[in-house]
Amino acid sequence: MTISVLRPGLLTTVQDHGRHGFQHLGVIPGGAMDPVSLSLANALVGNTADAAALEITILGPELVFAEDTLVALCGAEFHGALPRHRPVLVPAGGKLSIGRAQRGARAYLAVAGGISVEPALGSRSTYLPGRFGGYQGRALRRGDVLTLREDASMLSRQRFARLARKKGSSVQWRSPSPTLPEHEPVLVHAMPAQDYESFDSASQRAFFDSVWKIAPESNRMGFRFTGPSLARPQGDEILSGPTCLGSVQVPPSGAPIALMADHQTTGGYPRIAEIASADVPRLAQLAPGGTVHFARCTLETSVELRLDARRRLDAVLQGIAWELRG
Amino acid sequence: MQRLAAAIRAQAPAQVLDVVPALGGLALHFDPAFDGSVLDAANAIVEAASKKRLPDLGDLGREVEVPVCYDDEFGPDLDEVAKKAGLAKKDIPSLHSSAEYRVLMIGFAPGHAYMGGLDARLAVPRRASPRASVPAGSVAIANLQAVVYPYAISGGWSVIGRTPLTVFDAGRSRPSLFSPGDRVRFVAIDRRQFQEISEKQ
């Protein structure tokens, strides 16, 4: 059971929900940039939450499936791709060509049984800066052959047979990702961080009042923003401290950087804000050129947003499990 | 910071996935599925840890011995450090390897340990322009700290030697040679020993 890579796309990597418990050794959890869409994709093919899928970025890959494979593509809308947000049975020898992203930046292609790569430090996620995890610690290239579970094709047919309300090789229902931007600028909640007060008042206002544009040199480690320059009256150096997914650092250039999935575990730049964790997956769906507005919130609001997003996702996952009950 | 981190780690609070000590703070990373108040939980954890006596610094971490070859080829900045520090070049290895270091924090890259304890006579500022790529295993110094580069990565510290040890390997049962709180000693070796140890890695 394999998937062959005819064209790798811009940055296609194996990802799951990341590796935890190693940050004190400098190893970040990493994992899917948009874990909500990954969870949906896994659920739609009947996988457990820990299965690994392909993260597809901005320009999609072209893949050939050796045998019948149940797949689901969730997240960003890509040109020419198969119907999104629903299970699709790709027949043996079937080719899947995913073009350019039309809306959003990242999609997740899950297959029944998951992508079988050897876990590294408890996760199948590709950690590009460390060159380990996933498929040989790197993004996919032309000619790569991904291995699936031995019984993946049997599993695919069984699970497809159990699906309710079928039509052809797919179903008549869909379960959309809630992380796709409806309109821009995307509203992202953020709270003032520990170094917020050290920025001058114009910079404090500018951070929450401006529309920020995502710069081209953004990647899985961090999103850089262009907009007004943020300044600290006393430009004193700070001690390196632990960082967090969604921390917004401001290097001496004055242009903020939001730390994304593969960020470093510690950092020595002052932090102006922390993005609410519920909103990080929505930020991850923006490509360079996309625009963001930061809405100031409290820690309490951020917790509410996270719990609310969790409850809504759980309800959707239960609904999908119901369709797959057979 | 190290003592508090060790005490919290010993408590092993279920909802905390990562305990990360750093120079400027200590992070508790919570399970995203945790549905209580993170602030209250963090306070309770720190309070419980501080109620008991924190572990002594002397009991923290392991002792790690790091063989270092200080040959010119491995230490391209030896001359520069000697000049900046006003020392004879031949004194650098002995000054560097006679101190005991403490891993203060791991960051920047997997296994990339920042160690305090450098002899003040060797304290030179970071180099004006960082190198685009420093070879894996390079031993470097800046200010009052020492580092060992786990991978070939960019870096602005002064490189004075190289260890043949593999600093980080995700496939190893103990992936990182260093952990926060470890006590580290550098031991000078020659080229032949470097070669022998390299081959065993």
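Just so it is clear, the structure is predicted and the values come from calculations on it, not from any experiment.

1. A closer look at the overall build of chain B
Piece 1. Across its full length, chain B carries five helices and eleven strands.
Piece 2. By principal-axis analysis of the C-alpha atoms, chain B measures approximately 55 × 35 × 30 Å.
Piece 3. A burial count over chain B gives 37% of its 201 residues as buried.

2. Side note on the overall build of chain A
Piece 1. Within chain A one finds five helices and 20 strands.
Piece 2. For chain A, whose C-alpha radius of gyration is 20 Å, the value lies close to the compact-globule estimate of 20 Å for 326 residues.
Piece 3. Judged by the C-alpha coordinates and their principal axes, chain A covers about 65 × 35 × 35 Å.
Piece 4. Evaluated residue by residue, chain A yields a buried proportion of 53% over its 326 residues.
Piece 5. Taking the intrachain contacts of chain A between residues at least 6 apart in sequence as the baseline, contacts between residues at least 24 apart amount to 77%.

3. Here we look at the sheet that holds strand 3 (residues 53-57) of chain A
Residue and element names in this part refer to chain A.
Piece 1. Reading across the sheet, the five strands line up as 2-3-8-5-6 and stay open at both edges, with antiparallel pairing between neighbours. On the outer flanks of this sheet lie strand 2 (13-15) and strand 6 (87-90), each paired with one strand and no other. Strand after strand, the sheet turns through a mean of 35° between neighbouring axes, direction not considered.

4. Brief notes about the domain arrangement of chain B
Residues and elements named next belong to chain B.
Piece 1. Under the domain assignment, chain B is made up of domain 1 (2-59) and domain 2 (63-200).
Piece 2. Of note, the centres of domain 1 and domain 2, computed from C-alpha atoms alone, are 30 Å apart.
Piece 3. Listed per partner, the contact involves six residues of domain 1 and five residues of domain 2.
Piece 4. Looking at the side of domain 1 that touches domain 2, the elements that each hand over two or more residues are helix 1 (2-11) and strand 1 (16-22).

5. Focus: the interface of chain A and chain B
Piece 1. Listed per partner, the contact involves 27 residues of chain A and 32 residues of chain B.
Piece 2. Of all elements in the fold, only strand 15 (241-242) and helix 5 (299-323) of chain A reach the threshold of two or more residues within the side of chain A that touches chain B.
Piece 3. At four residues, the largest contribution of residues to the side of chain A that touches chain B is made by helix 5 of chain A.
Piece 4. Considered class by class, the residues forming the side of chain A that touches chain B number 13 nonpolar, 13 polar and one charged.

6. Considerations on the domain arrangement of chain A
All names here are of chain A.
Piece 1. By the assigned domains, chain A splits into domain 1 (2-178) and domain 2 (186-307).
Piece 2. The C-alpha centroid of domain 2 is placed 29 Å from the C-alpha centroid of domain 1.
Piece 3. Domain 1 puts 19 residues into the contact, and the matching count from domain 2 is twelve residues.
Piece 4. Mapped onto the side of domain 1 that touches domain 2, the elements with two or more residues apiece are helix 1 (35-44), strand 5 (69-78) and strand 8 (101-111).
Piece 5. If one sorts the elements of the side of domain 1 that touches domain 2 by residue count, strand 8 sits on top with four residues.

Parameters and conventions
- Residues numbered from 1 in each chain as written.
- Chains lettered and ligands numbered in written order.
- Predicted model: local features only at pLDDT ≥ 70, side-chain atom pairs only at ≥ 80, totals over all residues.
- Helix = DSSP H or I, 4+ residues; strand = E, 2+ residues; numbered from the N terminus.
- Buried ≥ 20, exposed ≤ 12 C-beta atoms within 10 Å, placed from the backbone.
- Rg over C-alpha atoms; globule rule 2.2 N^0.38 Å.
- Contact = placed C-beta atoms within 7 Å.
- Pairing = 2+ DSSP bridges.
- Axes fitted to C-alpha atoms, helices over the stretch in contact; angles between N-to-C directions.
- Domains from an automatic or database assignment.
- Nonpolar A, V, L, I, M, F, W, Y, C, P; charged D, E, K, R; others polar.

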